[in-house]
Protein chains: 2
Amino acid sequence: MTTTPPSPAPRVTIKDVAARAGVSKGAVSLAFNHRPGLSEATRDRIFAAARELGWAPNPTARSLAGRRVDVVGLAICRPARLLGLEPFYMEFVSGVESVLTERSCSLLLRLVRDLDEEVALLDAWWKAKQVGGSILVDFHAGDPRVPAVERSGMPVVAVGHPSLTGSLTSVWTDDATAVTEAVRYLAALGHRRIARVGGAAAFGHTSIRTAAFDEAARALGLAGAQMATDFSGGAGARATRSLLSASGEDRPTAIVYDNDIMAVAGLSVAAEMGLRVPADVSLLAWDDSQLCRLTHPRLSAMSHDVHGFGAEVARTLFEVITGRGGGSHPVPTPVLTPRGSTAPPRGAGHV
Amino acid sequence: MTTTPPSPAPRVTIKDVAARAGVSKGAVSLAFNHRPGLSEATRDRIFAAARELGWAPNPTARSLAGRRVDVVGLAICRPARLLGLEPFYMEFVSGVESVLTERSCSLLLRLVRDLDEEVALLDAWWKAKQVGGSILVDFHAGDPRVPAVERSGMPVVAVGHPSLTGSLTSVWTDDATAVTEAVRYLAALGHRRIARVGGAAAFGHTSIRTAAFDEAARALGLAGAQMATDFSGGAGARATRSLLSASGEDRPTAIVYDNDIMAVAGLSVAAEMGLRVPADVSLLAWDDSQLCRLTHPRLSAMSHDVHGFGAEVARTLFEVITGRGGGSHPVPTPVLTPRGSTAPPRGAGHV
């Protein structure tokens, strides 16, 4: 059961929350208005008490210097149709929402066509006091949002590698190390021809993964082909079909994907082409949503807690809003989770 | 490639949009401020011209009687974790965003714990002029949002069957007819024991499907078991395992699911239990996201254009905001799309 019935329980007040958390009513108010003066532990205790009691503050009374503090912005520069196809963003948003809900905050979500539109939008949100801060994603090299936000002083968290995000507070995953680990593992299994089905080349994180893959393949003396896609299942299927259509000597025996939906599509293409996974070809997914455990065989993956990543980004943004943020925050590097879709290639001397 | 590089093209102005659409600058302004006085065809031409030229209005200048018109609210009463697991909401939101983007609008997204919290939130959004209108989803019988919104006069679109949504403008799918068609089709293939793995019982749309399934099974003299879940893949897997663990005479030969992620999970459980799909058991999914075409065999489904549904909901909301809305708007009924996961049961006299 996912919802409670509409019949109301006895009315919970701010006093009940304060009592349960062992603090004053004023402290509860400070926490929900994102004002400084409380330790992180006290804040967490207050949010937990409110959550347990089902209490939310009166939303009309919440602002900081006339600015809304109960709204956080997120602009995404992707076509609407693709947004619905990739599990990553939904899991990321669900992680962000898990923290926002706890603090009775909303997410202002906007799709933009290009970064110029995003720069104008962020500026308008900030000038109109519509948001208390914003989450920025999908950084490019020389990203125009960096100088724009440095000028406006809007509290933001940049989701991206510190090499791309200037002086902004950043939360990032070490994609280069994870790609290197994936390539080394497949090489250790005996694979000599490894391909990567990557994301859109314009994104900084894609470039970082592409460079790391090239470097790892070169260091190990492997043949390493790479293809760029738009992250959709359809594009992953087409790339896989193209890779597996190469003649014997050129055909990769292992493929690494930049997300999970493309790996699921790749598994289906292997079946369609009469190739067994992992006997004929090994497949390794990325992100590792529940999809990877629902296929047959289950997909090996570079597991990344995307929900937890979104939650960490939201928590960091609240720190920036209350003036306690800054710096660069790595989250745990994706870890290799072998399941049924990776094995030594045939004839590699292993079983 | 999903994004354009940050280097700006020559600046596009409202004059260019007006010229391309063959209207005055004032008409472009009317369209983007959601004011009456333009035909639907003219509006569409203006939005198309703006989209083609990549033009967006200045966001600080947009309001209607002091109220923001460039923000639309959506509250969802589900746990954050589940939101990230179900393709339905992501596709729905992507459809809503496809229309919002065209009109340079943002979505204010909020997860709530119960309907009382949602009622208070809608009231606060409206009083604070934070949104121009809202989308309401997941209606219950006797839903408290109906009288609350009837009182406040906030422009809304209710996503739900007119029997649940009172005098509110509604957009809905005919779930009862679709469930009946699914049961009749499986019966026509020769299945006599059909099960349904349904959603959360508290939702009105779940009750409507449950009643229609019972009615269809009774009319055809079939054994029809039903199980309630939280829509997650894990719950779908558990329900399938339980149904397929029944002894021969009681085991269903066909299972209908309330979404696609549960059907994908069901397919995996069948494989895990050594049952062939569709030879030993037929599976029929609902919603039909790209997932159903990525499994092996591909999943038969009651196909529902969820992205288009979200877009229709957003378009209807803009009509309500400009005073042209009202009534109940059925969208196309989900249609049966047979693929590789449904067939006559063994021993039914068919091949």
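Rules of the game
- Residues numbered from 1 in each chain as written.
- Chains lettered and ligands numbered in written order.
- Predicted model: local features only at pLDDT ≥ 70, side-chain atom pairs only at ≥ 80, totals over all residues.
- Heavy atoms only, no water.
- Helix = DSSP H or I, 4+ residues; strand = E, 2+ residues; numbered from the N terminus.
- Buried < 20%, exposed > 50% of the residue type's maximum accessible area, 1.4 Å probe, protein only.
- Contact = heavy atoms within 4.5 Å.
- Lys, Arg positive; Asp, Glu negative; His and termini not counted.
- Charge placed at Lys NZ, Arg CZ, Asp CG, Glu CD.
- Least-squares fit on C-alpha atoms with pLDDT ≥ 70 in both.
- Buried area = accessible area lost by both parts, 1.4 Å probe.
- Salt bridge = Lys/Arg side-chain N within 4 Å of Asp/Glu carboxyl O.
- Polar contact = N/O pair within 3.5 Å; in protein donor to acceptor, adjacent residues only side chain to side chain.
- Nonpolar A, V, L, I, M, F, W, Y, C, P; charged D, E, K, R; others polar.
- Pairing = 2+ DSSP bridges.
- Domains from an automatic or database assignment.
- Axes fitted to C-alpha atoms, helices over the stretch in contact; angles between N-to-C directions.
- Right-handed = clockwise from strand over helix to strand, strands pointing away.
- Phe/Tyr/Trp six-rings, centres within 6.5 Å; stacked < 30°, edge-to-face > 60°.
- Lys NZ or Arg CZ within 6 Å of the ring centre and 35° of its normal.
- Expected span 1.5 Å × (residues − 1).
- Parallel < 35°, antiparallel > 145°, perpendicular 65-115°, else oblique.
- Left-handed = near helix turned anticlockwise from the far one by under 90°.

Digging into the overall build of chain A
No. 1: Each helix and strand in chain A was counted, giving 12 helices and 14 strands.
No. 2: By residue count, 58% of the 351 residues in chain A fall in the buried class.
No. 3: Summarising the internal contacts of chain A: among those between residues at least 6 apart in sequence, 71% fall at separations of at least 24.
No. 4: Taken together, the 36 basic and 34 acidic charged side chains of chain A have centroids lying 5 Å from each other.

Focus: the relation of the copies chain A and chain B
No. 1: Between chain A and chain B, which share one sequence, the superposing operator has a rotation angle of 180° and an axial displacement of 0.0 Å; the RMSD is 0.0 Å. The transformation just described matches what one would write down for a two-fold rotation axis. Residue leucine 108 of chain A of chain A places its C-alpha closer to the rotation axis than any other residue of that unit, at 2.2 Å.
No. 2: When the interface residues of chain A are mapped onto chain B, 100% of them again fall at the interface, so both copies present the same face.

Some remarks on the interface of chain A and chain B
No. 1: Taken together, the contact between chain A and chain B spans 73 residues of the former and 73 residues of the latter.
No. 2: Buried surface at the junction of chain A and chain B, summed over both partners, amounts to about 6,100 Å²; 61% is from carbon and sulfur atoms.
No. 3: Linking chain A to chain B there are 1 salt bridge.
No. 4: For the salt bridge of arginine 298 of chain A with glutamate 272 of chain B, the shortest nitrogen-to-oxygen distance reads 4.0 Å.
No. 5: The tally of links from chain A across to chain B stands at 7 residue pairs in polar contact (both at pLDDT 80 or more).
No. 6: Breaking the side of chain A that touches chain B down by element, the ones donating at least two residues are helix H3 (40-53), helix H4 (80-83), helix H5 (87-102), strand S4 (106-111), helix H6 (115-127), helix H10 (233-244) and helix H11 (260-272) of chain A.
No. 7: Among the elements that take part in the side of chain A that touches chain B, H5 of chain A stands out by supplying 8 residues, more than any other.
No. 8: Considering only residue class, the side of chain A that touches chain B consists of 37 nonpolar, 20 polar and 16 charged.
No. 9: By the bridge criterion, 3 bridges tie S4 of chain A to strand S4 (residues 106-111) of chain B in an arrangement that is antiparallel. Note that in S4 of chain B the partner of leucine 109 of chain A across the bridge is leucine 107 of chain B.

So, the domain arrangement of chain A
Often the size quoted for an interface is simply the accessible area lost on bringing the parts together.
Residue and element names in this part refer to chain A.
No. 1: Domain annotation for chain A reports domain 1 (14-57), domain 2 (67-172 + 306-332) and domain 3 (175-303).
No. 2: The centre of domain 1, based on its C-alpha atoms, is set 25 Å off from the matching centre of domain 2.
No. 3: Every contact between the two is made by 12 residues of domain 1 and, on the other side, 10 residues of domain 2.
No. 4: Summing both partners gives a buried area of about 960 Å² for domain 1 against domain 2, and 53% of it is carried by carbon and sulfur.
No. 5: Along the contact surface separating domain 1 from domain 2 lie 1 salt bridge.
No. 6: In this structure, glutamate 40 engages arginine 324 in a salt bridge whose closest nitrogen and oxygen atoms are separated by 2.8 Å.
No. 7: For the pair domain 1 and domain 2, the interface holds 1 residue pair in polar contact (both at pLDDT 80 or more).

Here we look at the pattern of salt bridges
No. 1: Taken as a whole, this structure holds 35 salt bridges over all chains when the rule is applied.
No. 2: A salt bridge links aspartate 280 of chain A to arginine 346 of chain A; its shortest N-O distance comes to 2.5 Å. Placement of the pair is aspartate 280 of chain A in the loop between H11 and strand S11 (282-287) and arginine 346 of chain A in the segment after strand S14 (335-337), with a sequence separation of 66 residues.
No. 3: Across the pair aspartate 258 of chain B and arginine 209 of chain B runs a salt bridge, and its minimum N-O distance is 3.1 Å. Separated by 49 residues along the polypeptide, aspartate 258 of chain B in the loop between strand S10 (254-257) and helix H11 (260-272) and arginine 209 of chain B in helix H9 (residues 204-220) bring together distant segments of the chain.
No. 4: In this structure, a network of salt bridges that share partners links the residues Asp175, Arg196, Arg209 and Asp258 of chain A.

Some details on the side chain of glutamine 290 of chain A
No. 1: With respect to the helices and strands, glutamine 290 of chain A occurs in the loop between S11 and strand S12 (300-303).
No. 2: In this structure glutamine 290 of chain A comes out as buried when scored by relative accessible area, which is 12%.

Looking at the sheet that holds strand S3 (residues 71-76) of chain B
No. 1: In space, the 12 strands of this open sheet follow the order S13(A)-S7(A)-S6(A)-S5(A)-S3(A)-S4(A)-S4(B)-S3(B)-S5(B)-S6(B)-S7(B)-S13(B), with mixed pairing throughout. Each having just a single partner strand, strand S13 (328-330) of chain A together with strand S13 (328-330) of chain B make up the two edges of the open sheet. Each adjacent strand pair in this sheet contributes to an overall mean axis angle of 20°, direction not counted.
No. 2: Sheet topology note: the strand S3 (residues 71-76) of chain A/S4 of chain A ladder contains 6 bridges and is parallel. Looking at the pairing, valine 72 of chain A lines up with leucine 107 of chain A of S4 of chain A.
No. 3: This element, helix H6 (residues 115-127) of chain B, spans S4 of chain A together with S3, S4 and strand S5 (133-136) of chain B of the sheet and lies at about 170° to S3 of chain B.

Regarding the sheet that holds strand S10 (residues 254-257) of chain A
Residue and element names in this part refer to chain A.
No. 1: Taken together, 6 strands build an open sheet; the order of strands is S9-S8-S10-S11-S12-S14 and the sheet is mixed. At either margin of the open sheet sits one strand with a lone partner, and together these are strand S9 (223-228) and S14. Pairs of neighbouring strands in the sheet enclose a mean axial angle of 20°, with direction left out of account.
No. 2: Strand direction decides the pairing type here: strand S8 (residues 193-198) and S10, joined by 4 bridges, are parallel. If you follow arginine 196 over to S10, its bridge partner there is valine 256.
No. 3: Here H11 sits on the sheet in contact with S8, S10 and S11, set at roughly 160° to S11.

Topic: the pairing of strand S6 (residues 156-159) of chain A
No. 1: Both faces of S6 of chain A are covered, namely the face carrying Val156 and Ala158 of chain A and the face carrying Val157 and Val159 of chain A.
No. 2: With helix H7 (residues 145-152) of chain A bridging strand S5 (residues 133-136) of chain A and its parallel neighbour S6 of chain A, the resulting β-α-β unit is right-handed.

So, the side chain of aspartate 260 of chain B
Residues and elements named next belong to chain B.
No. 1: Structurally, the position occupied by aspartate 260 is in helix H11.
No. 2: Buried charge without a salt bridge: aspartate 260, with arginine 293 as the nearest opposite-charge side chain at an N-O distance of 7.9 Å.
No. 3: Apart from the residues lying within four places of it in its own chain, the contact partners of aspartate 260 are Pro87, Ala285, Trp286, Asp287, Asp288, Ser289, Leu291 and Cys292.

Regarding the packing of aromatic side chains
Residues and elements named next belong to chain A.
No. 1: In the structure shown here, the tally under the stated rule is 12 aromatic pairs over all chains.
No. 2: Ring centres of phenylalanine 88 and tyrosine 89 lie 5.3 Å apart, and the angle between their planes is 90°; on these two criteria the pair is classed as edge-to-face. The residues phenylalanine 88 and tyrosine 89 share a single accessibility class, namely buried.
No. 3: Each residue in the set Phe88, Tyr89, Phe92 and Phe309 is aromatic and connected to the rest through ring pairs, giving one cluster.
No. 4: Over the ring of phenylalanine 139 we find arginine 145, and its NZ or CZ is 4.4 Å from the ring centre.

Details of helix H8 (residues 175-189) of chain B
All names here are of chain B.
No. 1: In this model, H8 (15 residues) spans 21 Å end to end at C-alpha, consistent with the 21 Å of a helix rising 1.5 Å per residue.
No. 2: The complete set of buried residues in H8 reads Asp175, Ala178, Val179, Thr180, Ala182, Val183, Leu186, Ala187 and Leu189.
No. 3: Its buried side turned inward, H8 meets strand S8 (193-198), H9, S10, strand S11 (282-287) and strand S12 (300-303).
No. 4: In the stretch just after H8, glycine 190 is the one whose phi turns positive, near 115°.

Some points on the packing of H6 of chain A against H7 of chain A
Residues and elements named next belong to chain A.
No. 1: Direction vectors running N to C along H6 and H7 enclose 15°, while the axes themselves pass 10 Å from each other. On the basis of the axis angle, H6 is roughly parallel to H7. Here H6 runs over H7; the crossing is right-handed. Touching Leu115, Glu118, Val119, Leu122 and Trp126 of H6 are Arg145, Ala148, Val149 and Ser152, all from H7.
No. 2: When grouped by side-chain class, the residues that make up the contact of H6 with H7 number 6 nonpolar, 1 polar and 2 charged.

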